[in-house]
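# Structural features, examined
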Amino acid sequence: MLEIAIEQVRESLDAIYRAESGRIRATLIRLLGDFDLAEDAVHDAFAAALERWPQDGMPANPRAWLISTGRFKAIDALRRRARFDAAKEKIADPMETGDDCATDESVADDSLRLIFTCCHPVLTQEARVALTLREVCGLTTEEIARAFLMAAPTLAQRIVRAKARIREARIPYQVPSPEELPERLATVLQVVYLVFNEGYSASSGPSLTRADLSGEAIRLGRLLLELLPEPEVMGLLALMLLQESRRAARATPTGELILLEHQDRSLWNRKQITEGVALVERALISRRFGSYTLQSAIAAVHAEAPAAASTDWPQIVALYTALAQAEPSPVVELNRAVAVAMCDGPEAGLALINAILARGDLAEYHLAHSARADLCRRLGRKSEARDSYERALALTQLEPARRFLEQRLRELG
Amino acid sequence: MKYICLGYIEPNKFETMPETERNAMVDECLTYDDELRKNGHFAGGEGLQPPQTAATLRWVDGKVSITDGPYAETKKQIGGVLILEARDLNHAIQIMSKHPGVKAGPFEIRPAADLSEMIRESEQRRAGA
């Protein structure tokens, strides 16, 4: 009996859609030369599978089956359409492409083409994020809108405009040349990290859907690493895994923030830490790493300390020093100052923070004032500590952060 | 996912169109509908007779009152309804942007509400009653 229960086929198809629709879409965009045609072709191919597979059985290579079915459905549709709107769609003749269109290598290349096209610098950053989640990750417009707490029609328009922009700007569907690669890859990594942070540091909205975004970013990071094993891709994936490993420990059940030093380290996800640390090591060995690798190395040092007190602070200071050189920023300097305080005492850290604030760089950044307050408190300089906590409180609207600062003020007495 | 597409048209626009133009439009629309059917995107739909053929039911003073004509007097009237099967809102927009009917009047695309939870709760209430 060849027949498979339709429910079983539906389940496998759901799984295949999650894992493969991005790759299938990527190849169909290349074969058909058009995002919209490919969209329909993907939809048609999955609909055809739901119809055929219960009778014919699952094909040996579902992805290849879906790609070739999608391609023929698109050709069919083009022929029918040509009857009443002749030659409006200028596409490469899909009949001329060879049968090797679904080999593993060509499909991998297509996925990379799709990622680089969705993250093209000609698009706004918001558009890159939306397009990547929809085209590469296979999320629906409604799911993305929900995760970003936006109205679906607003997000839909953003996607329509982004696609129009790709057409108008005639962005070629290709992986950038080696000379362009570092800069273009930076744009892609930024999109992935934005998606991750949106899910990780969310201060509002249903937490479950937000956590899904972090999971989506990690999935994207894995895909990217598989396609393009560059050190910074390893660094970013490691950074995301190491941050994600602390998810269960970073807030109380009621949503109060728990600082790294006070987290219950037995709640940290060891599997993610092991994977993350191994990736950091691989990236560091390459000697071609950048700021994501350095950030992940810092996260790895924290992850490997059995207790906050046994953290290797000199190592963290050294990594922040390297990071400040690779990517100078006042926020990195602030973090370095906090590490220096842990290493050489609060006095040394406070001098550095005072210098940053004196430049006016982080005057409006609540974490700078909160870090300063904390060092003053440890030095017993109560009134200075109170002033800085109050300054921090005036600068943030985030509820958990506000409750944390109010608690600290009460403790000062 | 199902999307309900409400096609609006100005009153009498269709009727006063030159015959060749009207025929061309009808042919184009029906050809496109056929294509949607063939691809499994067409999950149902009907053209509507003009608003003056409508009867409107209302609950007034504890009983149903019937009046002639549409409930809302608006400049554009609903000329037809199409139920579309699409992956998401962007896919629906993409499909309907190519529908020749959009040249005659605007389409409003609304996702079908998922009532399964409401139905399930109601079934529980009724079973318990």
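Keep in mind that what you see is a predicted model, and the values were worked out from it rather than measured. All chains use their own residue numbering, which begins from 1 and follows the written sequence. All chains are assigned letters beginning at A, and all ligands numbers beginning at 1, according to the order in which they are written. In view of the model being predicted, local features appear only for residues whose pLDDT reaches at least 70, and side-chain atom pairs are presented and counted only at 80 or more, with totals across whole chains, interfaces and linings using the full set of residues. Neither water nor hydrogens contribute to the side-chain values; these are computed over all heavy atoms in the structure.

## Some remarks on the interface of chain B and chain A
In many analyses, interface size is given as the accessible surface area lost on bringing the parts together. Taken residue by residue, the interface counts 19 residues in chain B and 24 residues in chain A. Note: buried area is the sum, over both parts, of the accessible area (probe 1.4 Å) each one loses when the two are combined. Counting the surface lost from both chain B and chain A, the interface buries some 1,900 Å², and carbon and sulfur atoms represent 47% of this. Considering only the surface of chain B that becomes buried against chain A, B:Glu35, B:Arg87 and B:Asn90 emerge as the three largest contributors, covering 35% of it. B:Arg87 is the salt-bridge partner of A:Glu39, the closest N and O atoms lying 3.2 Å from each other. Nitrogen and oxygen atoms within 3.5 Å of one another constitute a polar contact, given that in protein one can donate a hydrogen and the other can accept it, and given that sequence-neighbouring residues count only through two side-chain atoms. Taken together, chain B and chain A are joined by 13 residue pairs in polar contact (both at pLDDT 80 or more). Between two residues, a contact is recorded if the distance between any of their heavy atoms is within 4.5 Å. The term salt bridge refers to a pairing of a side-chain nitrogen on Lys or Arg with a carboxyl oxygen on Asp or Glu at a separation within 4 Å.

## Concerning the pattern of salt bridges
One pass over the full model with this rule turns up 36 salt bridges over all chains. Note that A:Asp374 is salt-bridged to A:Arg378, the shortest N-O span being 3.8 Å. You can see A:Asp374 and its partner A:Arg378 sitting in helix H16 (residues 366-378), four residues apart, about one turn around the helix. A salt bridge links A:Asp374 to A:Arg408, with the nearest nitrogen and oxygen atoms 2.9 Å apart. Of the two residues, A:Asp374 is situated in helix H16 and A:Arg408 in helix H18 (residues 399-412); the sequence distance between them amounts to 34 residues. Given the relative accessible area of 15%, A:Asp374 is considered buried. Overall, the relative accessible area of 12% leaves A:Arg408 in the buried class. A single network of salt bridges, built from pairs that share partners, joins A:Arg25, A:Asp36, A:Glu39, A:Arg134, A:Glu135, A:Lys163, A:Arg167, B:Arg87 and B:Asp88. Elements are defined by DSSP. Helices are runs of H or I of four residues or more, strands are runs of E of two residues or more, and each kind is numbered from the N terminus. Only protein chains enter the accessibility calculation, which uses a 1.4 Å probe. A residue is then buried if its area is under 20% of the maximum for its type, exposed if over 50%, and partly exposed in between.

## A short note on the packing of aromatic side chains
Residues and elements named next belong to chain A. Pairing of aromatic side chains here covers Phe, Tyr and the six-membered ring of Trp, requires ring centres within 6.5 Å, and sorts the geometry by plane angle: under 30 degrees stacked, over 60 edge-to-face, intermediate tilted. This model, assessed by the stated rule, comprises four aromatic pairs over all chains. Look at tryptophan 53 and tryptophan 65: their rings are 5.3 Å apart centre to centre, the planes differ by 70 degrees, and that puts the pair in the edge-to-face class. With tryptophan 53 in helix H2 (residues 35-56) and tryptophan 65 in helix H3 (residues 62-82), this residue pair connects regions lying 12 residues apart in the sequence. Tryptophan 53 gets classed as buried once you look at its relative accessible area, which sits at 1%. Overall, the relative accessible area of 24% leaves tryptophan 65 in the partly exposed class. Taking 5.7 Å as the distance between ring centres and 85 degrees as the angle between the ring planes, the aromatic pair formed by tyrosine 193 and tyrosine 292 counts as edge-to-face. On the criterion of sequence distance, the pair formed by tyrosine 193 in helix H8 (residues 181-200) and tyrosine 292 in helix H12 (residues 291-304) is long-range, its members being 99 residues apart. You'll find tyrosine 193 and tyrosine 292 in the same group, each marked buried. What links up through ring pairs into an aromatic cluster is the set Tyr193, Phe196 and Tyr292.

## Brief notes about the side chain of A:Glu142
The topology assignment puts A:Glu142 in helix H6 (residues 141-147). The convention is simple: Lys and Arg are positive, Asp and Glu are negative, and His and the chain ends are not counted. Despite being buried, A:Glu142 has no salt bridge partner; A:Arg134 is the closest side chain of opposite charge, sitting 7.2 Å away. A polar contact of 3.3 Å, which involves the side chain of A:Glu142, links it to the backbone nitrogen of B:Leu89. Sequence-distant contacts of A:Glu142, that is, excluding residues within four places in its chain, are made with A:Ala152, B:Tyr3, B:Asp88 and B:Leu89.

## Structural notes on the packing of H2(A) against helix H7 (residues 152-168) of chain A
Residue and element names in this part refer to chain A. Axis lines are fitted through C-alpha atoms, for helices just across the contact stretch, and the angle between N-to-C directions can take any value from 0 to 180 degrees. Two numbers describe how H2 lies on H7: the axes approach to 11 Å, and their chain directions differ by 125 degrees. Regarding the angle of H2 to H7, the classification is oblique. For the pair H2 and H7, contact is made by Phe35, Asp36 and Glu39 and by Lys163, Ile166 and Arg167, respectively. Class assignment for the residues of the contact of H2 with H7 results in two nonpolar, no polar and four charged. Note on angle classes: values under 35 degrees are labelled roughly parallel, values over 145 roughly antiparallel, values of 65 to 115 roughly perpendicular, and the remainder oblique. Three residue categories are used. Nonpolar comprises Ala, Val, Leu, Ile, Met, Phe, Trp, Tyr, Cys and Pro, charged comprises Asp, Glu, Lys and Arg, and polar comprises the others, including Gly.

## Some points on the nonpolar core
Counting 114 residues, the largest nonpolar core has A:Leu28, A:Met240 and B:Leu84 as the members making the most contacts within it. Structurally, this core is a two-domain feature, drawing no fewer than three residues from each of domain 1 (1-102) and domain 2 (312-413) of chain A. For A:Leu28, the residues in contact, after removing those within four places along its chain, are A:Gly33, A:Ala38, A:Ala41, A:Val42, A:Ile67, A:Gly70 and A:Arg71. Throughout this description, the term nonpolar core refers to a set of buried Ala, Val, Leu, Ile, Met, Phe, Trp, Tyr and Cys residues connected via side-chain atoms within 4.5 Å. The next biggest cluster of nonpolar side chains, apart from the first, holds 20 residues, and it includes A:Leu334, A:Ala341, A:Leu357 and A:Ala371. Each domain's extent was defined by an automatic or database domain assignment.

## Comments concerning the packing of helix H10 (residues 231-244) of chain A against H12(A)
How two helices pack is summed up by the angle between their axes together with the distance between the axes. Residues and elements named next belong to chain A. H12 packs onto H10 with a crossing angle of 35 degrees between their chain directions and a minimal axis gap of 8 Å. Seen along the crossing, H10 lies across H12 with a hand that is left-handed. Mapping the contact onto sequence places Pro231, Glu232, Gly235, Leu236, Ala238, Leu239 and Leu242 in H10 and Ser291, Tyr292, Thr293, Gln295, Ser296, Ala299, Ala300 and Ala303 in H12. Among the residues making up the contact of H10 with H12, the classes are represented as nine nonpolar, five polar and one charged. Less than a right angle of anticlockwise turn of the near helix away from the far helix marks a crossing as left-handed, whereas a clockwise turn marks it as right-handed.

## Notes on the state of the cysteines
The definition used for a disulfide is geometric: two cysteine sulfur atoms within 2.5 Å. By the definition in use, this model includes zero disulfides over all chains. Note on A:Cys376: no disulfide assigned, nearest cysteine sulfur contributed by A:Cys343 at a separation of 20 Å. Not engaged in a disulfide, the cysteine B:Cys5 finds its nearest cysteine sulfur in B:Cys29; these two sulfurs lie 13 Å apart. Overall, the relative accessible area of 1% leaves B:Cys5 in the buried class.

## Structural notes on the side chain of A:Gln272
Residues and elements named next belong to chain A. Structurally, glutamine 272 is set in helix H11 (residues 270-286). Glutamine 272 sits in the buried class, given a relative accessible area of 18%. Of note is the side chain of glutamine 272, whose polar atom sits 3.4 Å from the backbone nitrogen of serine 245.

## Focus on the confidence of the model for chain B
pLDDT is a residue-level measure of predictor confidence that goes from 0 to 100. Per-residue pLDDT for chain B averages 90, and the proportion of residues at 70 or more is 99%. Interface scoring of the predicted complex returns ipTM 0.81; its pTM is 0.81.

## Thoughts on the sheet that holds strand S5 (residues 77-85) of chain B
Residues and elements named next belong to chain B. Strand order in this open sheet of four strands is S2-S5-S1-S6, and the pairing throughout is antiparallel. The strands lining the two open edges of the sheet, one partner per strand, are strand S2 (42-47) and strand S6 (107-111). The sheet shows a mean angle of 20 degrees between the axes of neighbouring strands, direction not considered. Only strands that DSSP links by at least two bridges are regarded as paired with each other. The sheet contact formed by strand S1 (residues 2-9) and S5 spans eight bridges and is antiparallel. Residue pairing across strands places tyrosine 3 opposite leucine 84, the latter belonging to S5.

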